[in-house]
Amino acid sequence: MKVVNEECPTITRIYNIGKSFRGLKIYAMEISDNPGEHELGKNPTAFSRPGPKDADIPKY
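Note that this is a predicted model, so its numbers are computed, not measured.

Peer 1: Please clarify how the environment of Thr12 should be interpreted in this entry.
Peer 2: By the secondary structure assignment, Thr12 is in strand 1 (residues 12-19). Judged by its relative accessible area of 5%, Thr12 is buried. Along the primary structure Thr12 and Met29 are separated by 17 residues, whereas in three dimensions their C-alpha atoms are 6.6 Å apart. If near-sequence neighbours (up to four positions away) are discounted, Thr12 is found in contact with Val4, Asn5, Met29, Glu30, Ile31 and Pro35. A distance of 2.8 Å separates polar atoms of two side chains, one belonging to Thr12 and the other to Asn5.

Here's what the structure looks like:
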């Protein structure tokens with residue numbers, strides 16, 4: 001997700017959506033022509049990245 005966000009910053013946004021049962025942060029990526037803005041008539045699309053305990057989780 002981090003690489004895609006770095007390559008396409010104008011159409012992606014990464015944000016924290018909570019914590020796992022182990023206390024790790026869970027991130028989601030929004031892909032939109034206007035990330036961060038709610039647009040009437042469009043459903044948001046998000047992909048989450050839960051990872052193993054030792055995963056390289058980005059620090060946002």
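Additional details are given in the paragraphs that follow.
Peer 1: Help me understand the environment of Gly18 in this model?
Peer 2: Assignment of secondary structure puts Gly18 in strand 1. Taking the C-alpha atoms as reference, Gly18 lies 9.6 Å from Ala28; in sequence the two are 10 residues apart. Residues contacting Gly18, with those up to four places away along its chain left out, are Leu24, Lys25 and Ile26.

Peer 1: Can you help me understand the pattern of salt bridges in this one?
Peer 2: Pairs can form between side chains of opposite charge once their charged atoms are near each other. Counting across every chain of the model gives 1 salt bridge. Here Glu30 ties to Arg13 by a salt bridge, and the two come within 2.9 Å at their closest N and O atoms. Taken together, the positions of Glu30 in strand 2 (residues 25-31) and Arg13 in strand 1 put the pair 17 residues apart, joining distant regions of the chain. With a relative accessible area of 34%, Arg13 lands in the partly exposed category.

The rules behind the values
- Numbering of residues begins from 1 in every chain and follows the order in which that chain's sequence is written.
- Note on the predicted model: pLDDT of at least 70 is required for a residue's local features to be given, and 80 or more for side-chain atom pairs to be given and counted; whole-chain, interface and lining totals, by contrast, use all residues.
- To obtain the side-chain values, all non-hydrogen atoms of the structure were included, while hydrogens and water were left out.
- What counts as a helix is a DSSP run of H or I of at least four residues, what counts as a strand is a run of E of at least two, and both are numbered from the N terminus.
- Per-residue accessibility, obtained with a 1.4 Å probe over protein chains only, is compared with the maximum for each type, and a residue is labelled buried under 20%, exposed over 50%, and partly exposed between these values.
- Note on contacts: a residue pair is in contact if any heavy atoms of the two residues lie within 4.5 Å.
- Identification of polar contacts relies on pairs of N or O atoms within 3.5 Å, with a donor-acceptor requirement for protein atoms, meaning one able to donate a hydrogen and the other able to accept it, and with residues adjacent in sequence counted only if both atoms are side-chain atoms.
- When a carboxyl oxygen of Asp or Glu is within 4 Å of a side-chain nitrogen of Lys or Arg, the pair counts as a salt bridge.

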